[in-house]
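Descriptive analysis of the structure
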Amino acid sequence: MSTAPRRPASAERPEYDVVVIGAGFGGIGMGVELRRAGIHNFLIVDKNSDIGGTWHANTYPGVAVDIPSVYYSFSYEPPKRWSRMFAPGAEVKAYADQVVDAYGLRSRIRLNTQVVSGVWDEWQHLWRGRTATGEEVTARFVVGAVGGLEVPRLPEIEGIDQFAGKVVHTAKWDHDYDYTGKRIAVIGTGATALQLIPEMADIASRLTVFQRRPIWVAPKPDFPIPSLAKDILVNVGPLRRAIRAAVTLGIDFGISGVGVFHSYIPGVVQLAQRGGGLMYKAQLAGDADLAARLTPEYAPGCKRPSVSNRYLRTFTEDHVELVTEPIEQITASGVVTAGGAVHPVDVLICATGFRVMEKGYTPPYPLVGRDGLELGEFWDRNRYQAYQGVSVPKFPNMFLITGPYGFAAGSYLAMIECTSRHAARAIKEAFRRGATAVEIKQEPHDAYFRKCRERGAQTMWLSEACADSNTYYVNYQGDPAPIRPSTHLEMWWGNKHFPFSHYSFTERPATVAAPQRA
């Protein structure tokens with residue numbers, strides 16, 4: 001077999017040193033870390049018309065953070081406008097604008113730009129991205145900052161396309177439509193639904209909630225933050241950091257610790273489940289049947305932690321109905337459940353979540369690395385995996401912000417700080433060495449993946465305690481890949497102090513084989 005002749009090849013200079021895909025908090029955090037690393041020739045692209053990602057898309061009534069605001073922020077940029085212990089969605093979106101302006105990222109962001117593919121050019125050591133308009137964008141490095149809650153999941157129910165009323169997914173809320181006085185149905189009782197349902201109950205003539213699985217809901221210690229306290233948190237760094245550390249430790253023990261080290265402390269999970277059941281009965285003391293239907297059979301912590309002071313009480317209102325029979329079909333005028341019961345509906349709200357680490361959706365576009373390897377196909381065949389949730393072998397110069405086994409359950413922004421610093425540290429080192437390609441080595445990657453798989457098998461999410469919970473913490477392959485089975489401290493340390501020897505740094509050769517053309 002003849003080989004292509006070797007000849008001098010001029011190096012192509014990419015348009016950007018780094019292209020970041022996504023202008024949510026992941027992309028914003030990555031932009032900040034690039035600035036800090038002294039890298040300024042970068043571009044952040046996003047398909048939406050504004051920044052914020054999840055907090056731009058999700059504007060349904062009642063949307064808010066479900067962990068304390070002080071922890072849902074970057075440690076280096078305290079929020080200046082948050083008014084409550086659990087910030088409402090509009091204030092979180094405003095915080096995204098605050099960070100962008102504070103670090104001069106606005107000029108580095110291009111909106112209404114949807115990436116549809118990316119291909120690694122081994123000949124030139126750069127990435128070639130393609131947008132929906134057909135434009136090619138080249139970059140030495142690419143960072144995928146598309147969040148996990150990106151692609152809405154619509155219910156696959158017979159007849160939904162025939163419904164004559166209003167259909168809306170919570171991630172695509174229609175603010176121009178008047179929901180007041182309508183017969184409203186909500187499909188789903190997850191973390192989004194529990195925020196939305198009380199708000200809909202306030203304005204609906206009748207509210208029908210279709211529940212497949214109940215959800216654990218803890219009391220929400222929410223209250224306004226006094227102006228003086230807010231000023232102190234913004235201006236007194238040591239105090240703010242101490243409060244963040246306390247919240248981090250609490251979440252580490254209450255969520256990460258119990259979930260990851262479940263096999264060592266099974267009694268804690270059983271105690272939490274019994275205590276939760278007693279709390280539900282106490283709140284719904286007047287209706288034992290309702291309490292039984294709303295109380296999950298799986299353990300607290302199996303699904304995304306949720307807090308509300310109104311959710312359970314909403315079902316005691318006369319115009320609110322909880323339906324637990326399976327939906328058989330949707331007609332032009334309503335919903336038909338098992339047994340033939342018909343529920344007339346004007347508005348159908350789908351609070352049915354997102355496609356998390358599913359084939360064809362994570363990533364939501366093809367990425368082709370070395371040897372023609374496509375990332376989504378590789379993950380589908382070999383399970384979702386990434387070193388520290390950031391890097392994958394055979395995908396040089398590519399980094400992930402919310403990759404598999406990257407998120408130690410708690411605050412997404414805390415994870416973003418860790419993974420974006422990891423990516424920026426590797427990119428900065430490549431520049432320092434004069435390298436044009438940096439790639440995670442197979443051995444350290446496999447060691448990390450092996451540890452995650454071993455720990456994952458012992459977590460609560462794969463135990464009998466979470467059977468039938470249908471948690472998105474476990475993907476279609478049966479792996480808890482969306483969660484890093486570690487504490488926040490381990491996540492922070494691993495991303496901040498990974499050895500550079502775990503990566504290979506190479507320089508594009510002066511003479512290379514001309515690429516074969518089909």
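Residues numbered from 1 in each chain as written. Predicted model: local features only at pLDDT ≥ 70, side-chain atom pairs only at ≥ 80, totals over all residues. Heavy atoms only, no water.

Observations concerning unusual backbone geometry
- Going from Thr 362 to Pro 363, the amide bond is cis rather than trans, its omega being 0 degrees.
- Residue placement: Pro 363 occurs in the loop between strand 15 (347–350) and strand 16 (367–368).
- The phi dihedral of Gln 388 is positive, around 55 degrees, even though this residue is not glycine.
- Within the secondary structure, Gln 388 sits in the loop between helix 10 (375–382) and strand 17 (398–400).
- At Asp 468, a residue that is not glycine, the phi angle is positive and equals roughly 65 degrees. (Helix = DSSP H or I, 4+ residues; strand = E, 2+ residues; numbered from the N terminus.)

A short note on the sheet that holds strand 12 (residues 327–330)
- Spatially, the 3 strands line up as an open sheet ordered 12-13-14, and their pairing is antiparallel. The sheet is open, and its two borders are formed by strand 12 and strand 14 (342–344), each paired with just one other strand. Going across the sheet, the axis of each strand differs from the next one's by a mean of 25 degrees, ignoring polarity.
- Taken together, the 3 bridges between strand 13 (residues 334–337) and strand 14 define a ladder with antiparallel strand orientation. Each bridged residue has a counterpart across the sheet, and for Gly 334 the counterpart in strand 14 is Pro 344. (Pairing = 2+ DSSP bridges. Axes fitted to C-alpha atoms, helices over the stretch in contact; angles between N-to-C directions.)

Side note on the pattern of salt bridges
- For the structure shown, the criterion picks out 35 salt bridges.
- The partner of Glu 358 in a salt bridge is Arg 355, and the shortest N-O contact between them spans 2.9 Å.
- Assessed through its relative accessible area of 14%, Glu 358 is described here as buried.
- Where Glu 377 meets Arg 381, a salt bridge forms, and the shortest distance between an N and an O atom there is 4.0 Å. Of this pair, Glu 377 and Arg 381 both sit in helix 10, 4 residues apart, roughly one helical turn.
- The partly exposed category is assigned to Glu 377, whose relative accessible area is 45%. (Salt bridge = Lys/Arg side-chain N within 4 Å of Asp/Glu carboxyl O. Buried < 20%, exposed > 50% of the residue type's maximum accessible area, 1.4 Å probe, protein only.)

Considerations on the packing of helix 11 (residues 412–433) against helix 13 (residues 488–496)
- For the pair helix 11 and helix 13, the least separation of the axes is 8 Å and the interaxial angle reads 15 degrees. Classified by the angle their axes make, helix 11 and helix 13 are roughly parallel. In the crossing of helix 11 with helix 13, the sense of the turn from one axis to the other is left-handed. Contacts between helix 11 and helix 13 involve Ala 414, Met 415, Cys 418, Thr 419, Arg 421, His 422 and Arg 425 on the former and, on the latter, His 488, Met 491, Trp 492, Asn 495 and Lys 496. (Parallel < 35°, antiparallel > 145°, perpendicular 65-115°, else oblique. Left-handed = near helix turned anticlockwise from the far one by under 90°. Contact = heavy atoms within 4.5 Å.)

With respect to the environment of Ala 272
- Relative to the helices and strands, Ala 272 resides in helix 7 (residues 266–283).
- Along the primary structure Ala 272 and Val 474 are separated by 202 residues, whereas in three dimensions their C-alpha atoms are 21 Å apart.

Remarks on the environment of Arg 206
- Inspection of the secondary structure assignment puts Arg 206 in strand 10 (residues 206–210).
- For the pair formed by Arg 206 and Ala 218, sequence separation is 12 residues and the distance between their alpha carbons is 26 Å.
- Not counting chain neighbours up to four residues away, the residues in contact with Arg 206 comprise Lys 182, Arg 183, Ile 184, Asp 318, His 319 and Glu 321.
- In this structure the side chain of Arg 206 is engaged in a polar contact, spanning 3.1 Å, whose partner is the side chain of Glu 321. (Polar contact = N/O pair within 3.5 Å; in protein donor to acceptor, adjacent residues only side chain to side chain.)

A word on the sheet that holds strand 10
- The parallel open sheet is built from 5 strands, whose spatial order is 8-15-9-10-11. Since the sheet does not close on itself, it has two edges, and those belong to strand 8 (166–169) and strand 11 (320–323), each with one partner. Strand-to-strand twist in this sheet, taken as the mean axis angle between neighbours without regard to direction, amounts to 15 degrees.
- As paired elements, strand 10 and strand 11 share 4 bridges and run parallel to each other. The residue bridging Phe 210 from the neighbouring strand is Val 323, located in strand 11.
- In the packing of helix 4 (residues 191–203) onto the sheet, the strands contacted are strand 9 (183–187), strand 10, strand 11 and strand 15, and the crossing angle to strand 10 comes to about 160 degrees.

Describing the side chain of Thr 337
- Structurally, Thr 337 can be placed in strand 13.
- Polar contacts involving the side chain of Thr 337 include one to the side chain of His 343, which spans 3.4 Å.
- Beyond its immediate stretch of four places on either side in the chain, Thr 337 contacts Phe 210, Val 323, Glu 325, Pro 326, Ile 327, Glu 328 and His 343.

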